[in-house]
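# Analysis of the macromolecular model
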Amino acid sequence: MDIFFKTAKLLKVCNSAALLQAAYGQENARRIQHRLFVLQAMPTLAEVPKLPPERCHALKGDLRGYYAVDALHPFRIVFTPVTPLRGRASAAQLRLVTAITIHDIVDYH
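Residues numbered from 1 in each chain as written. Predicted model: local features only at pLDDT ≥ 70, side-chain atom pairs only at ≥ 80, totals over all residues. Heavy atoms only, no water.

### Some remarks on the sheet that holds strand β3 (residues 67-70)
Taken in spatial order, the five strands line up as β1-β5-β4-β3-β2 in an open sheet, and their pairing is mixed. Of all strands in the sheet, those with a lone pairing partner are β1 (2-5) and β2 (57-58), marking the two edges. The pairing of β1 with strand β5 (residues 99-106) spans four bridges and is classified as parallel. Opposite I3, over in β5, you have I100 as the bridge partner. (Pairing = 2+ DSSP bridges. Helix = DSSP H or I, 4+ residues; strand = E, 2+ residues; numbered from the N terminus.)

Structural data, given as structure tokens:
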């Protein structure tokens, strides 16, 4: 998949091992980098593993329309498909998602 970032600052942090480590700690930085590699390697959102360690899942409530993958608990990489999906996304719709925008790496709990 193609990966875009909501802000230039987030792009800069995610593309630098040193900045990731400074912002999130050594182990979390390693996991974030790995999750980004996995996201980039998958051809579509439907291919991203739904089981741990990635555990790609749709979010609810105020974050409806967003998706997340796990980093080091409780942090999640929060993203949206570049082309918004309508309603509850079916597997067929997820197979059409070939680009995402990373919005944040956060503990939203």
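Structure shown, so let's carry the discussion forward.
### A short note on the environment of R76
Note that R76 resides in strand β4 (residues 76-81). Between the alpha carbons of R76 and T101 there is a distance of 14 Å; along the sequence they are 25 residues apart. Excluding residues that lie within four positions of it along the chain, R76 makes contacts with R55, H57, A68, V69, D70, A71, D104, I105, V106, Y108 and H109. (Contact = heavy atoms within 4.5 Å.)

### A look at the nonpolar core
Within the largest apolar cluster, 23 residues are counted, with the highest numbers of intra-cluster contacts made by L39, L45, F79 and I102. Looking at this core, the elements with two or more residues in it are α1 (8-14), α3 (26-41), β3, β4 and β5. The biggest single contributor to this core is α3, with four residues. Residue contacts for L45: discarding those within four places in its chain leaves M1, K50, C56, Y67, F79, P81, L94 and V97. (Core = buried A, V, L, I, M, F, W, Y, C linked by side-chain atoms within 4.5 Å. Buried < 20%, exposed > 50% of the residue type's maximum accessible area, 1.4 Å probe, protein only.)

### Let's talk about the pattern of salt bridges
Overall, the coordinates contain four salt bridges when judged by the stated rule. Between R31 and E27 there is a salt bridge, with the nearest N and O atoms lying 3.1 Å from each other. Pair noted here: R31 and E27 are both in helix α3, with a separation of four residues, about one helical turn. The class of R31 is partly exposed, set by a relative accessible area of 27%. A salt bridge links R55 to D70; the nearest nitrogen and oxygen atoms lie 2.8 Å apart. Of this pair, R55 sits in the loop between α3 and β2 while D70 sits in strand β3, and the two are 15 residues apart along the sequence. (Salt bridge = Lys/Arg side-chain N within 4 Å of Asp/Glu carboxyl O.)

Bear in mind that shape data such as this cannot, by itself, settle questions of function.
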